[in-house]
Amino acid sequence: MALDLISFLRLWIRGAAFDGLSPAEICREVNEVALPAVAGKARLLLRARFYLAVRGFYPVITLKTCRWGPIAFYLVRCREHGLYLDYPHGYDECFICPRCLRESAITHILEDIGLKPEEFMSPDGISWQKILALDEGEAYSLIISRLSEATKE
């Protein structure tokens, strides 16, 4: 019998916590490695699909280690980007889609330097949507190189 997505995530999170990762590092690892690896392959339980459709989130596991916890991890549905793993943040216990956060940060950077995100092209011909897929250091270096090219003109 195949492993469902929730059981897979529970195993992954426990292993990452055992390896000493922080909750933020666990979420980053799951969102960048685990979820893309099993996207469309692991089935999602009916109960999880119902919770995601109605509430927008589904509890995966609550963990406590000697360094942190207890922290509840949730599978969350972003209307724009799909599923991601997160834990409640702040007093309001809200969830923050990492891709939405990254898009808004890069968009604000571009707008601050006077470029519209829709019109942004790096000197290498890479669109801003592709820049969002790069890691942060590479994305910012491309933006800086675009800035230096714009100031030379």
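In the block above lies the structure referred to throughout.
Summarised in this report is the structure supplied together with it. (Residues numbered from 1 in each chain as written. Predicted model: local features only at pLDDT ≥ 70, side-chain atom pairs only at ≥ 80, totals over all residues. Heavy atoms only, no water.)

## Considerations on helix H2 (residues 23–38)
Residue pairs three or four apart in sequence face the same way in an α-helix, which turns once every 3.6 residues.
So, step 1. At Val30, H2 is deflected by roughly 40°, the largest bend along its length.
So, step 2. If you check which residues of H2 are buried, you get Pro23, Ile26, Cys27, Val30, Asn31, Ala34, Leu35 and Val38.
So, step 3. Of the surrounding secondary structure, the elements contacted by the buried residues of H2 are helix H1 (5–18), strand E2 (71–78), strand E3 (82–86) and helix H4 (98–112).
So, step 4. Positioned one or two residues after H2, Gly40 has a phi angle of 80°, which is positive. (Bend = angle between axes of the 7 residues up to and from the residue. Helix = DSSP H or I, 4+ residues; strand = E, 2+ residues; numbered from the N terminus. Buried < 20%, exposed > 50% of the residue type's maximum accessible area, 1.4 Å probe, protein only. Contact = heavy atoms within 4.5 Å.)

## So, the nonpolar core
So, step 1. Counting 27 residues, the largest nonpolar core has Ile13, Ile26, Phe73 and Leu75 as the members making the most contacts within it.
So, step 2. Secondary-structure elements contributing two or more residues to this core are H1, H2, helix H3 (46–54), strand E1 (57–63) and E2.
So, step 3. With seven residues, the top contributor of residues to this core is H1.
So, step 4. Among the nonpolar cores identified, the runner-up in size contains seven residues, and Phe57, Tyr74, Val76 and Cys97 belong to it. (Core = buried A, V, L, I, M, F, W, Y, C linked by side-chain atoms within 4.5 Å.)

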